[in-house]
Amino acid sequence: MSGEHTSTPVAARVRRLEARLTEAGVVTEEQLDAALAAMLAGASPVNGARIVARAWTDPGFRERLLADANAALPEVGLSMAGGIQEQRLKVVANTATTHHVLVCTLCSCYPIGLLGPSPSWYKSEAYRSRVVREPRAVLAEFGLELPADTTITVWDSSAESRYMVLPRRPEGTEGRSEAELAALVTREGLIGTAAV
Amino acid sequence: MADFRAGERVRVRAVDPEGHTRVPRYVRGQVGRIVECQGRWALADECAAGVAAPRVEPVYTVAFAARDLWGEGGHEVTVDLWESYIERVREDGA
């Protein structure tokens, strides 16, 4: 499931499209570079991890985050307004009995500002078609074996909302600082293909 | 315009439009449950078609049982659907 097998033809198509647009005088190379740089400035899973660590240590923030993530993000100095317009964010929390996992079956919608650029497998047809059909098997291939009685919800971001998973705080992490806790959180944990 | 409430059962219209749409094929014609209204956005189909003033509609999170979609599985899949993609399921199930 991992690997770069889908990214190469996509990258070639993007390069051809860029060449046509610049040749036609629609945009310049500099404008494209500037737009990409602006979109990716500060985009990193470190942002998502900070949100999670705050939610683990501040129950009030956790409650506000799950109720209205866009309103809660400024409390940690973040927002969803990095793109053309502010995007709605929905944070879904894993519990002892429920697990959440994200996908975009139509394309590759993803909260880039909070998670950084998406991994190539997230855009692969294999992941997009299989995770809605057999999430338990797909998660097991990622090394995440869920108990048989855990309820799984797959969130297909087919419109204007973006999603992020709030993983469960690992046991034995009492007394750790917010920064130490943030360091435990992985990009896969924020997508739902890992426990944390 | 319909105004769907959380918990209501809705059916996704079994459409197959010529142009762009955001109705994933695997939920077309399927019955799901309204989770919540997310807000209002311009209809993606009309934006893609270059309509000057696209309709602005509520977008709903709709949950589907895997068993309904695939005939098996114990999980749920939620899909985000513009209001005109869905219709109320009548009491008699029709």
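From a predicted model like this one, the values you see are computed outputs, not experimental measurements.

Here is what the cut-offs are and how they apply
Residues numbered from 1 in each chain as written. Chains lettered and ligands numbered in written order. Predicted model: local features only at pLDDT ≥ 70, side-chain atom pairs only at ≥ 80, totals over all residues. Contact = placed C-beta atoms within 7 Å. Helix = DSSP H or I, 4+ residues; strand = E, 2+ residues; numbered from the N terminus. Nonpolar A, V, L, I, M, F, W, Y, C, P; charged D, E, K, R; others polar. Pairing = 2+ DSSP bridges. Buried ≥ 20, exposed ≤ 12 C-beta atoms within 10 Å, placed from the backbone. Axes fitted to C-alpha atoms, helices over the stretch in contact; angles between N-to-C directions.

A. A look at the interface of chain A and chain B. With 17 residues of chain A in contact, the opposing surface of chain B contributes 16 residues. No other element matches the five residues that strand β3 (residues 151-156) of chain A contributes to the side of chain A that touches chain B. Of the residues belonging to the side of chain A that touches chain B, the class tally is seven nonpolar, five polar and five charged. The pairing of β3 of chain A with strand β4 (residues 76-82) of chain B spans four bridges and is parallel. When the bridges of β4 of chain B are listed, Asp-156 of chain A appears paired with Val-79 of chain B.

B. Geometry of the pairing of β4 of chain B. All names here are of chain B. Taken across its seven residues, β4 has seven buried, putting it largely inside the fold. Of the two faces of β4, the one holding Glu-76, Thr-78, Asp-80 and Trp-82 and the one holding Val-77, Val-79 and Leu-81 are both buried throughout. As paired strands, strand β3 (residues 56-65) and β4 are joined by seven bridges and run antiparallel to one another. Counterpart to Phe-64 in the pairing with β4 is Val-77.

C. Examining the sheet that holds β3 of chain A more closely. Spatially, β2(A)-β3(A)-β4(B)-β3(B)-β2(B)-β1(B)-β5(B) is the arrangement adopted by the seven strands of the open sheet, whose pairing is mixed. Both outer strands of the open sheet, β2 (98-103) of chain A together with β5 (86-88) of chain B, are each paired with one neighbouring strand and no more. The average angle at which neighbouring strand axes cross in this sheet is 35°, direction not considered. Pairing of strand β2 (residues 31-42) of chain B with β3 of chain B involves eight bridges; the strand directions are antiparallel. Considered in β3 of chain B, the bridge of Arg-40 of chain B is made with Pro-58 of chain B.

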